[in-house]
Amino acid sequence: LGLAISQRIVQLMGGTIHINSKLGEGSEFFFILNLSLAEGEVSQQHLQIDQRIIGYRCINNMPLEQSCYTILVVDDLWENRAVLINLLEPLGFNIIEAEHGQQGLEQLYSLHPDLVITDLAMPIMDGFEFLRHIRRDDVIKSPKVIVSSASVSHADQQMALEQGGDSFLAKPVEARLLFEMIIEHLEIEWLYEEEDDIVPLQTGSTDIIVPSTEFLEELWSLSQYGDVTTIGKKLYLLIESDPKYVPFAEPILRMTELFLVEEIQELLSTQLAEKSPLPSE
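In this text the structure is predicted, and so the values were computed from the model without any measurement.

J.: Quick question: what am I supposed to make of the overall build of the chain here?
T.: A count of helical and extended segments in the chain gives 10 helices and 9 strands. Looking at the chain as a whole, 41% of its 281 residues qualify as buried. Counting only contacts in the chain whose residues sit at least 6 apart along the sequence, the fraction spanning at least 24 positions is 61%.

Below you can see the structure in the form of structure tokens.
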């Protein structure tokens, strides 16, 4: 891995890459991460790892055409909120957002979500104070709360659970763990894609509208540096400007979440080749 993408991965896990270097001898790069030990076995329902989740069914007999559950996402960084929205909204959940704990409380009072996913480090009102308010208020204390944070120290996890969190989900978010926590806290069962429904992505499909050559070249250039964060931001801005680009952006956004840099480069190269020759490196 290149140093740029390695630094981004380590930062997402709450660490920083350091260097010791001596002229004529070489350089040593290192990092330290706080990781918690797994305790016991997971008894909750496991996901079917060979099938993709396409939605969910409510166990409480609500009509299938209705969105059964509302999820509140509280995080000061729009990129983090966008990751969760991109994972959950296509499955049929109604997603509402808040940039800090105070906004989160307002959403709880007005919209009464069924599940809350909250960060810890936020301005105005952080996640710990937000949790204390929830659990001390008889009006809003009922929803389940998943605490999702890049701080994975045992002390922070323990404090978050003591303040009222029901589960702790480390960042960067692993979709499988998120889905297992959701099925633990909500009365649902997952709906999986049938094998006959799987349609491979066709980059030349008429259903996929590809943006301008200049935009593709910009993404391709960013991919050379492993800058998946900026690629994600630009794709979300593209979707906001015109929803017709969603089919183009979605597969690349999934790749950015998994840091699949080579796959992004290959896809962009194919699309650029259909429009014009690749830019020189």
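J.: I tried to follow the side chain of Gln271 on my own but got confused; where do I start?
T.: Relative to the helices and strands, Gln271 is located in helix α10 (residues 261-275). The exposure class of Gln271 is buried, given its relative accessible area of 3%. Among residues more than four places away in sequence, those in contact with Gln271 are Leu216 and Phe248.

J.: Would you mind going over empty space enclosed by the protein with me for this structure?
T.: If you walk through the whole model with that rule in mind, you get 1 cavity of 30 Å³ or more. Secondary-structure elements contributing two or more residues to the lining of the largest cavity are β4 (70-74) and β6 (115-118). The class makeup of the residues in the lining of the largest cavity is 4 nonpolar, 2 polar and 3 charged.

J.: Honestly, the nonpolar core in this entry has me stumped. Any pointers?
T.: Taken as a class, soluble globular proteins show a tendency for nonpolar side chains to be buried jointly. By size, the foremost hydrophobic cluster in this structure holds 27 residues, and its most contacted members are Leu88, Phe93, Leu178, Ile182, Ile188 and Trp190. Contributions of two or more residues to this core are made by β3 (53-58), β4, α2 (78-88), β6, α6 (175-185) and β9 (188-192). Of all hydrophobic cores here, the second largest spans 26 residues; its members include Ile231, Leu235, Ala249 and Ile252.

J.: How should the pairing of strand β5 (residues 94-98) be read in this particular structure?
T.: Where β4 lies against β5, 5 bridges are found, and the strand directions are parallel. What sits directly across from Leu72, in β5, is Ile96. The β-α-β motif built from β4, the intervening α2 and the parallel element β5 has right-handed crossover chirality.

J.: What is the right way to read the environment of Pro172 from this model?
T.: Topologically, Pro172 is positioned in the loop between β8 (167-170) and α6. On the basis of relative accessibility, which here comes to 41%, the residue Pro172 falls in the partly exposed class. For Pro172 and Glu257, which are 85 residues apart along the polypeptide, the C-alpha to C-alpha distance reads 8.4 Å.

J.: So what exactly am I meant to see when it comes to the pattern of salt bridges here?
T.: When the charged atoms of two side chains with opposite charge come close together, those side chains can pair. Enumeration over the complete set of coordinates arrives at 9 salt bridges. For Glu79, the salt bridge identified is with Lys233, shortest N-O distance 3.2 Å. Of the two residues, Glu79 sits in helix α2 while Lys233 sits in helix α8 (residues 228-241), which places them 154 residues apart along the sequence. Residue Glu79 is classed as partly exposed on the basis of its relative accessible area, which comes to 23%. According to the relative accessible area criterion, Lys233 is partly exposed, its value standing at 31%. Its salt-bridge partner being Arg81, residue Glu97 comes within 2.8 Å of it at the nearest N-O pair.

J.: Any chance you could explain the packing of aromatic side chains here in plain terms?
T.: Note on aromatic pairs: each is described by the distance of the centres and the angle between the planes. On inspection of all chains with the given rule, the structure shows 4 aromatic pairs. Clustering of aromatic rings is evident, with ring pairs tying together Tyr56, Phe93, Phe179 and Trp190.

J.: What should I look at first to understand a nonpolar patch on the surface in this one?
T.: On the surface, Leu3, Ile19 and Phe29 cluster together into a nonpolar patch covering about 300 Å² of accessible area. Of note, Ile19 is situated in strand β1 (residues 18-22).

J.: What is the right way to read the packing of helix α7 (residues 213-224) against α10 from this model?
T.: Helix packing for two helices is described by the angle between their axes and how far apart those axes are. Contact pair α7 / α10: the axes reach a minimum separation of 9 Å and the direction vectors enclose 155°. When the axis of α7 is compared with that of α10, the two are roughly antiparallel. In this structure, α7 meets α10 at a crossing whose hand is left-handed. Of the residues in α10, those in contact with Thr213, Leu216, Glu217, Leu219, Trp220, Ser223 and Gln224 of α7 are Val261, Ile264, Gln265, Leu268, Ser269, Gln271, Leu272 and Lys275.

J.: What is the right way to look at unusual backbone geometry in this model?
T.: When glycine is set aside, most residues are seen to have a negative phi, and most peptide bonds are trans. Residue His112 is not a glycine yet carries a positive backbone phi of 50°. Turning to its location among the elements, His112 is positioned in the loop between α3 (101-111) and β6. Positive phi, close to 65°, is recorded for Ile124, a residue that is not glycine. Examined against the element boundaries, Ile124 turns out to sit in the loop between β6 and α4 (127-136). Residue classification places Ile124 among the exposed positions, given a relative accessible area of 68%.

Cut-offs used in this document
- Residues numbered from 1 in each chain as written.
- Predicted model: local features only at pLDDT ≥ 70, side-chain atom pairs only at ≥ 80, totals over all residues.
- Heavy atoms only, no water.
- Helix = DSSP H or I, 4+ residues; strand = E, 2+ residues; numbered from the N terminus.
- Buried < 20%, exposed > 50% of the residue type's maximum accessible area, 1.4 Å probe, protein only.
- Contact = heavy atoms within 4.5 Å.
- 1 Å grid on protein atoms, 1.4 Å probe; cavity = no way out; pocket = protein on both sides within 12 Å on 5 of 7 lines; lining within 4 Å.
- Points joined across faces, edges and corners; volume = space filled by probe spheres on them.
- Nonpolar A, V, L, I, M, F, W, Y, C, P; charged D, E, K, R; others polar.
- Core = buried A, V, L, I, M, F, W, Y, C linked by side-chain atoms within 4.5 Å.
- Pairing = 2+ DSSP bridges.
- Right-handed = clockwise from strand over helix to strand, strands pointing away.
- Salt bridge = Lys/Arg side-chain N within 4 Å of Asp/Glu carboxyl O.
- Phe/Tyr/Trp six-rings, centres within 6.5 Å; stacked < 30°, edge-to-face > 60°.
- Patch = residues over 30% accessible without salt bridge, like charges linked within 9 Å, V, L, I, M, F, W, Y side chains within 5 Å.
- Areas by Shrake-Rupley, 256 points an atom, 1.4 Å probe, with all protein chains shown as cover.
- Axes fitted to C-alpha atoms, helices over the stretch in contact; angles between N-to-C directions.
- Parallel < 35°, antiparallel > 145°, perpendicular 65-115°, else oblique.
- Left-handed = near helix turned anticlockwise from the far one by under 90°.

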